[in-house]
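Inside the fold
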Amino acid sequence: MGDLSIVTMVIIAANALISFKGFSDYSFFEQYKFNVGAIIRGEKIRMLTSGFLHVDTAHLFFNMFSLYFFADVVIAYLGNFQFLIVYLGSLLLGNLLSLYFHKNEYHYSAVGASGAVMGIIYSAILLQPGMSLYLFFIPIPIPAYIFGIGYLLYSIYGMKNRVGNIGHDAHFGGAIGGYVITLILATWLFEKNLLMIGLLALPIILLFVLKKLGKI
């Protein structure tokens, strides 16, 4: 993990340039951030542009650092063009889920590439479930699929309890995007990793069951 392809460099550069423009230009930031009221009024472009804006340099760095470590896994299996489809599709699905959960909160706003990056992470886990991850606070390697399932379960908890100033729903929607789009693009996974496909689907099914029951 960690090689930089041209498409990854272009995405990181676009995020950096647009984010730094937003840091120094408040009106630009306000015009292109995710905002429920503005989107409902017809400003659909925010569904895309908000994914290239960030709150600060730490927010930008964390997202791009995470992308850096997982992008090459997806590119190795799917290629540059399909990687881009997963990235942008996850960004949009993350914002769609966020809009769905906050459709009555007209002042709700958000920015960041987290949904897109989570889609790439979930795609990488689907494609290479046997890889291990090292987390800062855990000194032993964690199987990628355990991390993916655990993170989405935490996201459900965060959505239910409004934990922190974090767009848990966008993260979850991005993961759904990465999951679904990868399965469409790599149908061979159904023959090779059917059990893993089922395991990674469990948090997604749980979310919609809880929503149906009015628990979230």
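Everything quoted here is computed from the prediction, not taken from an experiment.

This brings us to helix α6 (residues 80-101). One turn of an α-helix holds 3.6 residues; hence residues three or four places apart share an orientation. Over its 22 residues, α6 extends 32 Å from the first C-alpha to the last, a length consistent with the 32 Å expected when each residue adds 1.5 Å. Those residues of α6 that fall on the buried side of the exposure criterion are F83, V86, Y87, G89, S90, L91, G94, N95, L97, S98, L99 and F101.

With respect to the helices, strands and loops of the structure, S98 is situated in helix α6. At 3.3 Å, the side chain of S98 and the side chain of D169 are in polar contact. Apart from the residues within four sequence positions on either side, S98 is in contact with F34, Y108, D169 and A170.

A separate point is the pattern of salt bridges. Going through the model one piece at a time under the given rule, you end up with three salt bridges. Its salt-bridge partner being K21, residue D25 comes within 3.1 Å of it at the nearest N-O pair. On the accessibility criterion, K21 (39% relative accessible area) is partly exposed. Between E30 and K33 there is a salt bridge, with its nearest N and O atoms 2.9 Å apart. What makes K33 buried here is its relative accessible area of 13%.

The next point concerns the nonpolar core. Counting 54 residues, the largest nonpolar core has L67, F83, Y87, F172 and Y179 as its most contacted members. Put simply, the parts of the chain that give this core at least two residues each are α1 (6-24), α5 (57-78), α6, α7 (114-127), α8 (144-161), α9 (168-185) and α11 (194-212). Here this core takes 10 residues from α7, the largest share from any one element.

Each value, and the rule that gives it
Counting from 1, residues in each chain are numbered in the order their sequence is written. Since the coordinates come from a predicted model, pLDDT governs what is reported: local features require at least 70, and pairs of side-chain atoms require 80 or more to be given and counted, while whole-chain, interface and lining totals use all residues. Computation of side-chain values: all heavy atoms of the structure, hydrogens and water removed. A run of H or I in DSSP counts as a helix once it spans at least four residues, and a run of E counts as a strand once it spans at least two, with each numbered from the N terminus. In this scheme, a helix's expected span is set at 1.5 Å multiplied by one less than its residue total. A 1.4 Å probe rolled over the protein chains alone gives each residue an accessible area, and that area as a share of the maximum for its type sets the label: buried under 20%, exposed over 50%, partly exposed in between. What qualifies as a polar contact is a pair of N or O atoms within 3.5 Å, subject to a donor-acceptor requirement within protein and to the restriction that residues adjacent in sequence count only when both atoms come from side chains. Any two residues whose heavy atoms approach within 4.5 Å are treated as being in contact. Only one rule defines a salt bridge in this text: a Lys or Arg side-chain nitrogen within 4 Å of an Asp or Glu carboxyl oxygen. Side-chain atoms within 4.5 Å link the members of a nonpolar core, which is a set of buried Ala, Val, Leu, Ile, Met, Phe, Trp, Tyr and Cys residues.

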